[in-house]
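Coordinate analysis (summary)
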Amino acid sequence: MMEILVLGATGNTGSEVVKQLKEVGADFGVMARSADAVSKLDLNPNQVRVSNYDNIETMTKGA
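In this numbering scheme, every chain counts its residues from 1 along its sequence in written order. Selection of residues for local features in this predicted model requires a pLDDT of at least 70, selection of side-chain atom pairs for listing and counting requires 80 or more, and totals for whole chains, interfaces and linings are taken over all residues. Excluded from the side-chain calculation are hydrogens and water; included are all heavy atoms of the structure.

In the nomenclature of an unreviewed UniProt entry, the protein chain is known as NAD(P)-binding domain-containing protein of Vibrio maritimus.

Structure below.
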């Protein structure tokens, strides 16, 4: 079961958090507005939750 969800994973701090989580083999996911935004992070598709931060319905589906 995934216990870590990184918001802001494509920013400076978030991308560093993702890098470190990958290095330690953590089970984590990221939430982003588009799959294209996280493509540079080289993640497994099941780690990526695409959601609109302004819409509670997509946030609920993405989590």
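**Brief notes about the nonpolar core**
In this text, buried Ala, Val, Leu, Ile, Met, Phe, Trp, Tyr and Cys residues form a nonpolar core when linked through side-chain atoms within 4.5 Å. Exposed residues in this analysis have more than 50% of their type's maximum accessible area, buried residues have under 20%, and partly exposed residues fall in between, with area computed by a 1.4 Å probe over protein chains only. The biggest cluster of nonpolar side chains holds 11 residues, and these are V6, A9, V18, L21, F28, V30, A32, V38, L41, L43 and V48. By definition, any uninterrupted DSSP run of H or I lasting at least four residues is a helix, any uninterrupted run of E lasting at least two residues is a strand, and each is numbered from the N terminus. Top element by residues in this core is strand β2 (residues 28–32). It accounts for three residues.

**Focus on the sheet that holds strand β3 (residues 48–50)**
Taken in spatial order, the three strands line up as β1-β2-β3 in an open sheet, and their pairing is parallel. What marks the edges here is a single partner per strand, and that holds for β1 (4–7) and β3. Between one strand axis and the next, the sheet turns through 25° on average, direction left out of account. In this structure, β2 lies alongside β3, joined through three bridges in parallel fashion. From the neighbouring strand, A32 faces β3, where its bridge partner is V50. Along the sheet, helix α1 (residues 12–24) contacts β1 and β2; its crossing angle with β1, the most-contacted strand, is approximately 155°. Strands pair, by our definition, only if DSSP identifies at least two bridges between them. Orientation is described by axes fitted as lines to C-alpha atoms, over the contacting stretch for helices, and by angles from 0 to 180 degrees between their N-to-C directions. Here, residues are in contact when the closest pair of their heavy atoms is within 4.5 Å.

**A few points about α1**
Expected span of a helix: the number of residues minus one, times 1.5 Å. End to end, α1 covers 19 Å across 13 residues, agreeing with the expected 18 Å (1.5 Å per residue, within 8%). Turning to α1, its buried residues are G14, V18 and L21. Here the buried residues of α1 occupy an arc of 65° about the axis, which is enough to place them on one side. Projecting away from the buried face of α1 at angles above 90 degrees are the exposed residues N12, T13, E23 and V24. Looking at the buried residues of α1, the elements they touch are β1 and β2. In this description, one arc is meant: the one made by directions from the helix axis to the C-beta atoms.

**A word on the pairing of β2**
Burial analysis of β2 places five of its five residues in the buried class, the great majority of the element. With burial as the criterion, each face of β2 is covered, one bearing F28, V30 and A32 and the other bearing G29 and M31. As defined by bridge partners, β1 adjoins β2 across four bridges and the pair is classed as parallel. Its bridge partner lying in β2, L7 is registered against M31. Look down the strands so they point away from you; if going from the first strand over the helix to the second traces a clockwise path, that crossover is right-handed. Taking the sense of rotation as the criterion, the β-α-β connection linking β1, α1 and β2 turns out right-handed.

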